[in-house]
Amino acid sequence: MNEFDWYKGKKVLVTGHTGFKGTWLCKMLLMAGAEVTGYALEPPTEPNLFDISGVKPCIHSVIGDIRDLEHLKEVFRDVQPEIVLHLAAQPIVRDSYKNPVYTYETNVMGTVNVCECVRLNPCVKSFLNVTTDKVYENKEWEWGYRENEPLDGYDPYSNSKSCSELVTHSYIHSFFNEMEVAVSTARAGNVIGGGDFANDRILPDCIRAAGRKEDIIVRNPHSTRPYQHVLEPLTVYLTIAQAQAEDKNMAGFYNVGPDDYDCVTTGQLVDLFCEKWGEGQSWINQCDNGPHEANFLKLDCSKVKRMFGWKPRWHVEEAVAKTVEWAKVYYAAQDVPACMEAQIREFCG
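No experiment lies behind these values; they were computed from the predicted model shown.

Rules behind the numbers
- Residues numbered from 1 in each chain as written.
- Predicted model: local features only at pLDDT ≥ 70, side-chain atom pairs only at ≥ 80, totals over all residues.
- Heavy atoms only, no water.
- Buried < 20%, exposed > 50% of the residue type's maximum accessible area, 1.4 Å probe, protein only.
- Helix = DSSP H or I, 4+ residues; strand = E, 2+ residues; numbered from the N terminus.
- Arc of directions from axis to C-beta.
- Core = buried A, V, L, I, M, F, W, Y, C linked by side-chain atoms within 4.5 Å.
- Contact = heavy atoms within 4.5 Å.
- Lys, Arg positive; Asp, Glu negative; His and termini not counted.
- Salt bridge = Lys/Arg side-chain N within 4 Å of Asp/Glu carboxyl O.
- Polar contact = N/O pair within 3.5 Å; in protein donor to acceptor, adjacent residues only side chain to side chain.
- Pairing = 2+ DSSP bridges.
- Axes fitted to C-alpha atoms, helices over the stretch in contact; angles between N-to-C directions.
- Phe/Tyr/Trp six-rings, centres within 6.5 Å; stacked < 30°, edge-to-face > 60°.
- Lys NZ or Arg CZ within 6 Å of the ring centre and 35° of its normal.
- Parallel < 35°, antiparallel > 145°, perpendicular 65-115°, else oblique.
- Left-handed = near helix turned anticlockwise from the far one by under 90°.

1. A closer look at helix 3 (residues 69-79)
It helps to recall that an α-helix has 3.6 residues per turn; residues three or four apart then point in one direction.
Thinking step 1. What helix 3 keeps buried is the set Leu72, Lys73, Val75, Phe76 and Val79. Axial view of helix 3: buried residues confined to an arc of 160°, hence all on one face. Exposed and oriented more than 90 degrees from the buried face of helix 3 are Glu70 and Asp78.
Thinking step 2. Remark: Gln80 follows helix 3 within two positions and exhibits a positive phi of approximately 50°.

Pasting the structure below:
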């Protein structure tokens, strides 16, 4: 983990640490020697990566609601974090249709609360708000969205994350520009990887079906998405947070996504999964006429490549292979923490 030695001994607060991305991020930070505090609700699924990753006993884990400003203020006062990485969110498009008020409360007011705590605690030198590629007004055109494109969002999830961006922009202009803290947002595309047990995500659905030795049900095989392994954006988050702490001029708004090569249809992704899983795994097309989700969406990531010299390390085939590798370890009741650590070392090597 020489790549992130800078984090050794640093006090890092991760919101949303009990989630899929949050757990992988905490694992990376622990391997880098950081002092990690997490603030989040209980893990959102059962089973969940947080409980089986080996992270829980190694960090200061605070169970709390991002909507609870007073509790969050108390944690900031006690921990005095130097780095804040904000991942806490209601992240599922379909759930946002079922419970839009909760989605907005969590994704908008949750961001307001984190920004307010950063404003009140000058110990914070670097703050990164993680949003989504869905913050853009999606015109379903052929080219990738750039950071200066209009923000909007069709569904409550996407729109609430656009609002989270705007909240952050307001705090930057109103408060943070006059402080020593550097602030960025990172707009990441769809991630895959071992340990995602969420509903309504294609690879977790694939893994569950394969584990039961059933056909995979695919509801929209022609939607094109940019897929990347979870370690890709997490590496960029850590790179941005470090760079802006050292030079405030590196702060900004960044797209974090794979190359065009890794923009594949859901059907192609499931084909890859079946190939990597083996055992005669197959899938069937079963459109369910569910709520609107964008059919085509990708990002222009030239800015983050230019600013940080970043480029994707694992393309979609390897990302799927690593996800399957993790799942096979999990279903065989083998050493999941060791598998995660080996994948992180390989990725960062």
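2. Looking at the nonpolar core
Thinking step 1. By size, the foremost hydrophobic cluster in this structure holds 79 residues, and its most contacted members are Tyr7, Trp24, Leu29, Leu85, Phe273, Val320 and Trp326.
Thinking step 2. A total of 8 residues in this core trace back to one element, the largest contributor, which is helix 8 (residues 231-246).
Thinking step 3. For Leu29, the contacting residues outside a window of four places in its chain are Tyr7, Val12, Val14, Ala34, Val36, Leu85 and Leu238.
Thinking step 4. Listed in part, the 25 residues of the second largest apolar core include Ala88, Cys117, Phe176 and Val183.

3. Here's the deal with the side chain of Glu147
Thinking step 1. For Glu147, the location among the structural elements is in the loop between strand 5 (126-130) and helix 6 (156-174).
Thinking step 2. For the buried Glu147, no salt bridge is present, and the opposite-charge side chain at shortest range is Lys303, 5.4 Å distant.
Thinking step 3. For Glu147, the side chain forms a polar contact with the main-chain nitrogen of Asn255, separated by 2.8 Å.

4. Comments concerning the environment of Tyr7
Thinking step 1. Topologically, Tyr7 is positioned in the segment before strand 1 (11-15).
Thinking step 2. Accessibility expressed as a relative area gives 0% for Tyr7, which makes it buried.
Thinking step 3. In sequence terms Tyr7 and Gly33 are 26 residues apart; their C-alpha atoms lie 6.4 Å from each other.
Thinking step 4. Filtering out sequence-adjacent residues up to four positions away, Tyr7 remains in contact with Val12, Leu29, Ala32, Gly33, Ala34, Ile83, Leu238, Ala241 and Gln242.
Thinking step 5. A polar contact of 2.6 Å, which involves the side chain of Tyr7, links it to the backbone oxygen of Leu238.

5. Things to note about the environment of Val264
Thinking step 1. Checked against the element boundaries, Val264 lands in strand 11 (residues 263-265).
Thinking step 2. Overall, Val264 belongs to the buried group, its relative accessible area being 10%.
Thinking step 3. Other than its neighbours up to four places away in sequence, Val264 contacts Ser223, Thr224, Arg225, Tyr227, Leu269 and Val316.

6. A look at the sheet that holds strand 7 (residues 190-192)
Within a sheet, neighbouring strands are paired by backbone hydrogen bonds and run either parallel or antiparallel to one another.
Thinking step 1. Pairing within the open sheet is mixed, and its 3 strands lie in the order 7-9-11. Edge positions in the sheet fall to strand 7 and strand 11, since each of these pairs with one other strand and no more. Strand after strand, the sheet turns through a mean of 55° between neighbouring axes, direction not considered.
Thinking step 2. Bridging between strand 9 (residues 224-229) and strand 11 involves 3 bridges; their strand directions are antiparallel. From the neighbouring strand, Pro226 faces strand 11, where its bridge partner is Cys263.
Thinking step 3. Helix 11 (residues 316-331) contacts strand 7, strand 9 and strand 11 of the sheet and is inclined by roughly 60° relative to strand 9.

7. Focus: the packing of aromatic side chains
Thinking step 1. Enumeration according to the criterion identifies 14 aromatic pairs in this entry.
Thinking step 2. Look at Trp6 and Tyr7: their rings are 4.9 Å apart centre to centre, the planes differ by 85°, and that puts the pair in the edge-to-face class.
Thinking step 3. Arranged with centres 5.0 Å apart and planes meeting at 85°, the rings of Trp314 and Phe347 form a pair that is edge-to-face. Of the two residues, Trp314 is situated in the loop between helix 10 (302-308) and helix 11 and Phe347 in helix 12 (residues 336-348); the sequence distance between them amounts to 33 residues. The same class applies to Trp314 as to Phe347, namely buried.
Thinking step 4. Clustering of aromatic rings is evident, with ring pairs tying together Phe197, Phe273, Trp277, Trp326, Tyr330 and Tyr331.
Thinking step 5. Directly above the aromatic system of Trp6 lies the positively charged group of Lys10, at a separation of 4.3 Å from the ring centroid.
Thinking step 6. One residue, Lys303, lies across the ring of Tyr254, its end atom 4.8 Å from the ring centre.

8. Considerations on the packing of helix 1 (residues 20-32) against helix 8
Thinking step 1. Running from amino to carboxyl end, helix 1 crosses helix 8 at an angle of 55°, the nearest separation of the two axes being 10 Å. If you check the angle between helix 1 and helix 8, you find them oblique. Note on packing geometry: the crossing formed by helix 1 with helix 8 is right-handed. Taking contact as the criterion, the partners of Lys21, Trp24, Leu25, Met28 and Leu29 in helix 1 are, on helix 8, Leu231, Leu234, Thr235, Tyr237 and Leu238.

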